[in-house]
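Descriptive analysis of the structure
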Amino acid sequence: MLFLKRIVTVLALVYLLLALLILFFPFVRTSTVNIFSIYSQTMEINLLLGFAWASVVVVTLLLIFENIDSSLLRRSVTQQDHKINELKAQLYDVKKPLAPPTSGPAAPYPTAYDAPPTTPPTY
């Protein structure tokens, strides 16, 4: 999929450069028309109309491949998130349950009465 996306992107960039060259430089446009047949105004109009239709096709291909690629990436992320959640659930199931709390207000940390007396700092 990535290969097709890159080919379409390169095709679009080459087309864009060619179209800009033909649209902004009249001598390139007339020489391009002269390649196919004798120069005429209708041939030049048909050339520009052909470029317009080609641009519609190229932009449509770009949009299609970008949407397909982004949907595949979203699907991959969803699958990886699902796998992570399954691994977390397995890890949670393996853990031992916590011991029931003991009766009474026993604090798991030292209180002010248990702490050793401190001397004030000397300066």
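Presented here is a report on the structure given in the accompanying data block. (Residues numbered from 1 in each chain as written. Predicted model: local features only at pLDDT ≥ 70, side-chain atom pairs only at ≥ 80, totals over all residues. Heavy atoms only, no water.)

**Focus on the overall build of the protein**
When helices and strands are tallied, the protein shows three helices and zero strands. Ordered by position from the N terminus, the helices and strands of the protein form the series α-α-α. Each of the 123 residues in the protein was classed as buried or not, and the buried ones make up 13%. Long-range contacts, defined as pairs at least 24 residues apart, comprise 56% of the intrachain contacts of the protein with a sequence gap of at least 6. (Helix = DSSP H or I, 4+ residues; strand = E, 2+ residues; numbered from the N terminus. Buried < 20%, exposed > 50% of the residue type's maximum accessible area, 1.4 Å probe, protein only. Contact = heavy atoms within 4.5 Å.)

**A closer look at helix α1 (residues 2–24)**
With 23 residues, α1 ought to run about 33 Å at 1.5 Å a step, and its terminal C-alpha atoms sit 33 Å apart, in line with that. Of all the residues in α1, the buried ones are Lys5, Val8, Ala12, Tyr15, Ala19 and Ile22. (Expected span 1.5 Å × (residues − 1).)

**Some remarks on the side chain of aspartate 69**
Among the structural elements, aspartate 69 can be located in helix α3 (residues 41–94). Given a relative accessible area of 13%, aspartate 69 falls into the buried group. Leaving out residues up to four positions away in the same chain, aspartate 69 has contacts with Met1 and Lys5.

**Here's the deal with the nonpolar core**
Among the nonpolar cores identified, the biggest contains nine residues, and these are Ala12, Tyr15, Ala19, Ile22, Val28, Val33, Leu47, Phe51 and Val58. Counting only elements with at least two residues in this core, the list comes to α1, α2 (26–36) and α3. (Core = buried A, V, L, I, M, F, W, Y, C linked by side-chain atoms within 4.5 Å.)

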